[in-house]
Amino acid sequence: MSDLAQQESADRETALVRRPEYLRVLAIAGLLGVPVSLVAFGFLAVLHGAEHRLWHDLPYALTGGDTPPWWWPLPLLALAGLGVGAVARWAPGHGGHTPADGMGGPPPTPAQLPWVLVAALISLPLGAVLGPEAPLIAGGGGLALLAAHVFGIEPGSRPAMVVSGAGAAAAIAAIFGSPVVAAVLLIEMVQLSGAALSAVVIPCLLAAGVGSIVFTGLGLWSGLPIGSLNLPIPAVPVRPDLGDLLWALPLAVVAAVGIRLVRGLAKHLAPRVAARPVELTVLAALGVGACAAAYALITGRSPAEVALSGQQTLAAMAADPTVWPETALLALVLLKGLGYALSLAALRGGPIFPAVTLGGVLGVLAGPLPGFGAVPAMAAGMAAATVAMLPLPVSAVVLVVLLLGPAGFSMTPVVLIATVVAFMTEQLVEHGLTRRRQP
């Protein structure tokens, strides 16, 4: 396209945001952010409550122990496999996309929408090694489209795409600890640029802000937690030095290769599970349960550290990395990684939370290396693992910097280096070097 044609296209896109129709869509997106975030808050509150009862209250009532017994994940994940397998086999839309495919495709239709949420509510509290972000994105986008029909917005139109993105932003506004992460994630997923990006992102920013306010207000009013991903990094000034930057290079490569192995196994298994959804989903879920049970037997620790998304495990690790023995960390990397692959292939949920957790575990393992600190190591591991699972480098940087709290901005050089190295490692392993053809 010539420079003149590009300028004319940019002028048309810029003019779009000043039209009355666009202002109407922007207002609709802001209004729909309220009901969408209300539904998302309810979904997360139910999810968090069910997880707490299944993995804390019920084991304590039955056994009197502080942690679930080693066998506890097996019956729970068998139920998860049976429920998700039935939804995948008979429900419209198969309960949403397989998480091995990433964050998902187009928003679900009205007939598919309830089953996306049902499959996630079966998978996640029963022990799937997945997070809530993908079903929230799909559910928020689908619910916004359904509500937008009342305002005369037809599915498949450009306003429908904008409203759907805004609904997704409102739904995930708080789970990453900041609405900024939600907005950046959706911007990078859309993969637009220039004025076209501005036209899409402004409603997303508005809806994310509205959603965050609703989440905060409801949380304070109800006292219900929603399980957002945030880390209690001690507020001690930490500045990376040359040793931290140098160690971040091999750690990023290891994290990228490890996550690639996880994703490769999941992609290998996913079509086989889809062909026989009931039997093989149950088998894969039992495999996740066996990983958690084996971890508990090997380490004497809670099987919940392998099962579930990993956000509580990562928070405990960030608060005091020194209390974790190396044997437990190695077992956690291997067994949670395998459970993650099986969950990606067969169950329903999002891929980000466990990737962040595994990267953090790798960082804690690498932290004692000479010249490497615990906080820089965790920052590098989390950034590398996140960008290796989702090839969205800007989102990975923003997510990890904000997760680290007061230490985040000082860790930005480490996060940037680890993100770039892991992203390039993944691209080179996947595609190899592309050499320019000689004329």
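Owing to the predicted nature of the structure, the values given are computational and were not obtained by experimental measurement.

## Side note on the environment of V364
Point 1. Mapped onto the secondary structure, V364 falls in helix α13 (residues 352–366).
Point 2. Using a relative accessible area of 8% as the deciding quantity, one classes V364 as buried.
Point 3. Taking the C-alpha atoms as reference, V364 lies 8.6 Å from W324; in sequence the two are 40 residues apart.
Point 4. With sequence-adjacent residues up to four places away left out, V364 is seen in contact with M317, P321, L329 and M378.

## Considering the environment of V375
Point 1. Among the secondary structure elements, V375 is positioned in helix α14 (residues 374–389).
Point 2. Relative accessible area serves as the criterion here: at 16%, V375 is assigned to the buried category.
Point 3. In this structure, the C-alpha to C-alpha distance between V375 and G408, residues 33 residues apart in sequence, is 9.4 Å.

## Thoughts on the pattern of salt bridges
Point 1. One pass over the structure, following the stated rule, counts three salt bridges.
Point 2. Across the salt bridge formed by R263 and E426, the nearest N and O atoms sit 2.4 Å from each other. Taken together, the residues R263 in helix α9 (residues 242–275) and E426 in helix α16 (residues 412–431) connect sequence positions 163 residues apart.
Point 3. Taking relative accessible area as the criterion, E426 reaches 7% and is therefore assigned buried.
Point 4. Put simply, E305 and R301 hold a salt bridge, and the shortest N to O gap is 3.0 Å.
Point 5. Exposure remark for R301: the relative accessible area of 24% places this residue in the partly exposed category.
Point 6. Through salt bridges with shared partners, one network takes in R260, R263 and E426.

## Remarks on the packing of aromatic side chains
Point 1. Going through the model one piece at a time under the given rule, you end up with two aromatic pairs.
Point 2. When the ring of W71 is compared with that of W72, the centres are 5.6 Å apart and the planes differ by 50°; the resulting orientation is tilted.
Point 3. Overall, W71 belongs to the partly exposed group, its relative accessible area being 38%.
Point 4. Given the relative accessible area of 6%, W72 is considered buried.
Point 5. Relative to F372, the ring of W247 has its centre 6.4 Å away and its plane inclined at 20°; by these criteria the two rings are stacked. Highlighted residues: W247 in helix α9 and F372 in the loop between α13 and α14, separated in sequence by 125 residues.
Point 6. Look at W247 and you get partly exposed, because its relative accessible area is 30%.
Point 7. For F372, a relative accessible area of 7% gives the class buried.
Point 8. Here the guanidinium or amino end of R301 rests over the ring plane of W324, the centre of that ring lying 4.0 Å away.

## Focus on the packing of helix α2 (residues 20–63) against helix α5 (residues 133–148)
Point 1. Interhelical geometry of α2 versus α5 gives an angle of 140° and a closest axis separation of 10 Å. Considered as vectors, α2 and α5 are oriented oblique to each other. With respect to the hand of their crossing, α2 and α5 are arranged in right-handed fashion. Together, L32, P35, V36, V39, A40, F43 and L44 of α2 and L136, G140, L143, A144, A147 and A148 of α5 make up the contact between the two elements.
Point 2. Its residues assigned to classes, the contact of α2 with α5 comprises 12 nonpolar, one polar and no charged.

## What about the confidence of the model for the protein chain?
Point 1. Within the protein chain, residue pLDDT values average 86, and 88% of them lie at 70 or more.
Point 2. Taken together, the stretch residues 4–11 has pLDDT below 50 and engages in two contacts with residues farther than four places along the chain or on a different chain.

## Overview of the side chain of K336
Point 1. If you trace the backbone, K336 turns up in helix α12 (residues 326–346).
Point 2. Here K336 is buried and forms no salt bridge, its nearest opposite-charge partner E305 lying at an N-O distance of 8.9 Å.
Point 3. At 3.3 Å, the side chain of K336 forms a polar contact with the backbone oxygen of E305.
Point 4. Every residue in contact with K336, bar those within four places of it in the chain, is listed here: V129, E305, V306, A307, L308, S309, G310, A331, T357 and L358.

About the criteria used
- Residues numbered from 1 in each chain as written.
- Predicted model: local features only at pLDDT ≥ 70, side-chain atom pairs only at ≥ 80, totals over all residues.
- Heavy atoms only, no water.
- Helix = DSSP H or I, 4+ residues; strand = E, 2+ residues; numbered from the N terminus.
- Buried < 20%, exposed > 50% of the residue type's maximum accessible area, 1.4 Å probe, protein only.
- Contact = heavy atoms within 4.5 Å.
- Salt bridge = Lys/Arg side-chain N within 4 Å of Asp/Glu carboxyl O.
- Phe/Tyr/Trp six-rings, centres within 6.5 Å; stacked < 30°, edge-to-face > 60°.
- Lys NZ or Arg CZ within 6 Å of the ring centre and 35° of its normal.
- Axes fitted to C-alpha atoms, helices over the stretch in contact; angles between N-to-C directions.
- Parallel < 35°, antiparallel > 145°, perpendicular 65-115°, else oblique.
- Left-handed = near helix turned anticlockwise from the far one by under 90°.
- Nonpolar A, V, L, I, M, F, W, Y, C, P; charged D, E, K, R; others polar.
- pLDDT = per-residue confidence, 0-100.
- Lys, Arg positive; Asp, Glu negative; His and termini not counted.
- Polar contact = N/O pair within 3.5 Å; in protein donor to acceptor, adjacent residues only side chain to side chain.

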